[in-house]
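A look at the structure
Chain by chain, the residues run as shown.
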Amino acid sequence: MRTKKWNIEIVITESDRTTQAEARLRGQNAELFVGEGTAHRNRTDRDIPHIGDELAVARALSGVSHELLHEVAAEIETRTGERVGRLREA
């Protein structure tokens, strides 16, 4: 059995009613995948900072996930010479 470790760093910035998050994932070959997410609080919403944090982080992680999937599809296409239409779950 082999164990691998990838690291992700998340930075959250708050300004007025906007929360921004940046997620940075280091892959196995030192590839860097970056996703960004933003959450906006309506003027009439209660100020509950962790909700904005969680939403912005979820969106940033989703961005990283999509970037990683695109990278995997491109690598499969390069190696097989066939277009990848969709990566399905196992």
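So, here's what we can say about the structure. All figures in this text were calculated on a predicted structure; none of them were measured in a lab.

Once that is clear, we can look at the side chain of Asp53. Within the secondary structure, Asp53 is located in helix α1 (residues 49-80). Excluding its chain neighbours within four sequence positions, the residues that come into contact with Asp53 are Ile12, Glu14 and Thr19.

If you walk across this open sheet you meet the three strands as β1-β2-β3, and the pairing is antiparallel. For this open sheet the edge positions go to β1 (7-15) and β3 (32-40), each flanked by a neighbour on one side alone. In this sheet, neighbouring strand axes are inclined to one another by 15 degrees on average, regardless of whether the strands run parallel or antiparallel. Relative to β3, strand β2 (residues 18-26) is paired through nine bridges, and the arrangement is antiparallel. Opposite Gln20, over in β3, you have Thr38 as the bridge partner. Set on the sheet, α1 makes contact with β1, β2 and β3; between it and β3 the angle comes to about 145 degrees.

So, on to the pairing of β3. The side-chain alternation of β3 yields one buried face, formed by Phe33, Gly35, Gly37 and Ala39, and one unburied face, formed by Leu32, Val34, Glu36, Thr38 and His40. From the end of β2 to the start of β3, which pair antiparallel, there are five residues, and Ala30 there has a positive phi angle of about 70 degrees.

Parameters at a glance
Residues numbered from 1 in each chain as written. Predicted model: local features only at pLDDT ≥ 70, side-chain atom pairs only at ≥ 80, totals over all residues. Heavy atoms only, no water. Helix = DSSP H or I, 4+ residues; strand = E, 2+ residues; numbered from the N terminus. Contact = heavy atoms within 4.5 Å. Pairing = 2+ DSSP bridges. Axes fitted to C-alpha atoms, helices over the stretch in contact; angles between N-to-C directions. Buried < 20%, exposed > 50% of the residue type's maximum accessible area, 1.4 Å probe, protein only.

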